[in-house]
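Here's the letter readout for the chains.
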Amino acid sequence: MTDLRPKQGKSVFIRTYGCQMNVYDSERMADLLKPIGYSAADSPDDADLVILNTCHIREKAAEKVYSELGRLKRAKANREADGETMTIAVAGCVAQAEGAEIAARAPVVDMVIGPQAYHRLPELLARDARDRGVALETDFAVNEKFDALCNREAEGPAAFITVQEGCDKFCTFCVVPYTRGAEVSRPVEAITAEARSLAAQGVKEVTLLGQNVNGWAGAPPAGDSSDKWRLGELCRHLAKIDGIERIRFTTSHPRDMDDGLIAALGDEEKLMPYLHLPVQAGSDKILKSMNRGHTAESYRRLIEKIRDARPDIALSGDFIVGFPGETTEDFEETLALVETVGYASAYSFKYSRRPGTPGAAMPKQVAEAEKDDRLARLQELLERQRSAFNRAQIGRTMPVLFEKAGRHPGQLIGRSPYLQSVHANAPESMLGSIAPVTILDVTPNALAGALKKEDEDAA
Ligand code: SAH
Ligand code: SF4
Ligand code: F3S
C-alpha cells in the first residue's frame, strides 16, 4: 500500500489556464491535496509543489506553459540552493496532448498528469518521493476520477459543478475531443449530492459545466419512471434543492439544444436568462467544413425558438475568424449573423492551426494579417452590441447576487441574472445574498447600481 498519510506543512501553488472546467479541476486538485497536508502557497517561488493546469485550445495558450516552465526552472534551482525542494507538475490539456514532449523538452517537470487522471495526484506524489523519474499519467479514467473527488468546501456563494465532460463532436479546428476524451455524463445522484453539499454551505448559484453540457444524459433517480433524463430535467431537479436560487449551464452546442431544455429555460424561474451558444461562423460552407452539424439558418431558427420560450434571454457566443477557405464573403456572413442575432457578450478568436486536427491540414489557410483585420471588424461589432445591451439596463431594477468586496470601501460586487458584474454600495453582511439593485450607470466592464431603498434600510 502506498503511504498517503499527511506530510506536515507542505504548500502548493496551482496556476490555471483555459476554461472554467480547468478552474473547477484546479479547485478539486486543491481539495485532494488538503488531506495529505498541502495548503495554498502565495507564490510559486515558495511552494513545495507547483501545478500548471494547462490549456491546449490555441497555440498561444499552449506556448505559455513552456515560458512558465522556464521561470520555474530558476525558482526550483533557488529553492534547491536553499536546501529545499520543488515538485513541478503539468496537468490539464497540454499534459494530455503533449505529455511525452513535455517530459523530453522540460526535464524540470516531475509529473505530467492528464485531465482524467488528476485524482491519482496523492498517489503520484507519494511515488515521486521514492523514485524521482517523470511520472506520466494520461489515461482516460473519467468515471474513476469523479468517484474519487472528495467533499469540497464552498469558496463563495457561486460555484461550478462539472456534470459532463469530453466531446464527440470533432469540430475540425478543435483539440478538445483529443484532450478530454469521449462525452461522459456524471450520474444524477453524484451531481445532486454535490449541489446539496454546496447549498448547505451557503452556495446560492450553481453553474453546471460541460464541454457539451446540453449533451448531458442520465438515468433518472429512483421513483421517476422516465427512461432517460436530459439537461432540462436535471436543472428542474436541482432547482428543488433548498438554498439553490440560480442555475446556469455552459457550454451548450446548438445540436444538443432539445425542446425539454428550451421549455425549462422558459418556465423554470431558477434558470438564469443567459445562454452561451457558440456558432463559430455564419457561412454554411465554413460551418460544413468545420463539421459543426448545423447551418446559419438552423442556428437562427433555434435562437428564435429559445427567445419565444424566454423573451428576456441574453445570448453569448464564440466565433472563429480565418478558418481555412474563409473568403471575405464568408466572413461577411458571420457579421450578418451577428447583426441578426444580437449578442450580450461574446468571445472571438483568430483560427489557430492545431497539430493533429483536420483543419491544420486543410488547404487555403488564411493569412495572419487578414485574420487580424477580420477579428478587428468582428470585435468592433460585438463590442457595440455588448455595450448597447449593458446601457439598456440603466434604470432597471434586477436581482444581484453579491459575491465579493469591491475595490472601494463599502462597495460589493455581484452578478446580474445576465452574468454582468454589478457594483453597488452595500454592507458586508449582504455578501452571499441576492438583493434588488437599480442600475444607474455603465462602466466599460461592469454596471454600477444602488440597492433598492427598502433593502438598504432593512440591512
Ligand atoms: N464546447 C467547448 C468549446 C471549447 S473551446 C466548451 O466547453 O467551451 C472554446 C472556444 O474556443 C470554441 O468555441 C472556439 O470558438 C474556440 N476555439 C477552439 N479551437 C480553436 C482554434 N483552433 N482556433 C481558434 N479558436 C478555437
Ligand atoms: Fe471543440 Fe466542437 Fe467539441 Fe466544442 S463541440 S469542444 S468546439 S469539438
Ligand atoms: Fe483549454 Fe482544455 Fe478547456 S484545451 S479550453 S483547458 S478543455
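Quantities reported herein were computed from a predicted structural model and do not represent experimental measurements.

Broken down by element type, the protein chain carries 14 helices and 21 strands. Relative to its length of 459 residues, the protein chain is compact, with a C-alpha radius of gyration of 23 Å against a globular reference of 23 Å. Along the first, second and third principal axes, the C-alpha atoms of the protein chain reach 65 × 60 × 50 Å. Taken across its 459 residues, the protein chain has 53% of its residues classed as buried. Contacts spanning at least 24 positions in sequence make up 71% of the contacts within the protein chain whose residues lie at least 6 apart.

The environment of ligand 3 is formed by Cys19, Asn22, Thr54, Cys55, His56, Ile57, Cys93, Arg180 and Gln211. Across the shell around ligand 3, the residue classes tally to 4 nonpolar, 4 polar and 1 charged.

Turning our eyes to something else, we now look at the pairing of strand S3 (residues 49-54). For S3, the buried fraction is high: 6 of the 6 residues fall into the buried class. Covered by surrounding structure in S3 are Leu49, Ile51 and Asn53 together with Val50, Leu52 and Thr54, the residues of both alternating faces. Two strands pair when backbone bridges link them, and strand S1 (residues 10-16) and S3 are joined in this way by 5 bridges, in the parallel orientation. Within S3, the residue paired with isoleucine 14 across the bridge is isoleucine 51. Inspection of the sheet shows S3 paired to strand S4 (residues 87-91) by 5 bridges, in the parallel sense.

Bringing the sheet that holds strand S10 (residues 205-209) into the picture now. Strand order across the open sheet formed by 3 strands is S7-S10-S13, with parallel pairing between neighbours. On the outer flanks of this sheet lie strand S7 (158-162) and strand S13 (246-250), each paired with one strand and no other. Looking at each pair of strands side by side, their axes are set apart by 25° on average, direction ignored. In this structure, S7 lies alongside S10, joined through 5 bridges in parallel fashion. Bridge assignment links phenylalanine 160 to a residue of S10, and that residue is threonine 207. Its contacts with the sheet put helix H1 (residues 20-33) on S7, S10 and S13, and the angle it makes with S7 is roughly 95°.

Once that is clear, we can look at the packing of aromatic side chains. What the rule picks out here adds up to 5 aromatic pairs. Ring centres of phenylalanine 319 and tyrosine 343 lie 5.2 Å apart, and the angle between their planes is 90°; this geometry places the pair in the edge-to-face category. One end of the pair, phenylalanine 319, is in strand S15 (residues 314-321); the other, tyrosine 343, is in the loop between helix H12 (328-341) and strand S16 (345-350), with 24 residues separating them in the sequence. A single burial state applies to phenylalanine 319 and to tyrosine 343, both of which are buried. Their ring planes at 90° and their centres at 5.6 Å tell us that phenylalanine 389 and tyrosine 418 sit as a pair that is edge-to-face. Here phenylalanine 389 is found in helix H13 (residues 368-391), whereas its partner tyrosine 418 is found in the loop between strand S18 (411-415) and strand S19 (421-425), with 29 residues between them in sequence. A relative accessible area of 5% means that tyrosine 418 is categorised as buried. An aromatic cluster of three or more residues is present, and its members are Phe173, Phe323 and Tyr351. Taking the ring centre of tyrosine 24 as reference, the NZ or CZ of arginine 28 above it sits at 4.7 Å.

Each value, and the rule that gives it
Residues numbered from 1 in each chain as written. Chains lettered and ligands numbered in written order. Predicted model: local features only at pLDDT ≥ 70, side-chain atom pairs only at ≥ 80, totals over all residues. Heavy atoms only, no water. Helix = DSSP H or I, 4+ residues; strand = E, 2+ residues; numbered from the N terminus. Rg over C-alpha atoms; globule rule 2.2 N^0.38 Å. Buried < 20%, exposed > 50% of the residue type's maximum accessible area, 1.4 Å probe, protein only. Contact = heavy atoms within 4.5 Å. Near = heavy atom within 4 Å. Nonpolar A, V, L, I, M, F, W, Y, C, P; charged D, E, K, R; others polar. Pairing = 2+ DSSP bridges. Axes fitted to C-alpha atoms, helices over the stretch in contact; angles between N-to-C directions. Phe/Tyr/Trp six-rings, centres within 6.5 Å; stacked < 30°, edge-to-face > 60°. Lys NZ or Arg CZ within 6 Å of the ring centre and 35° of its normal.

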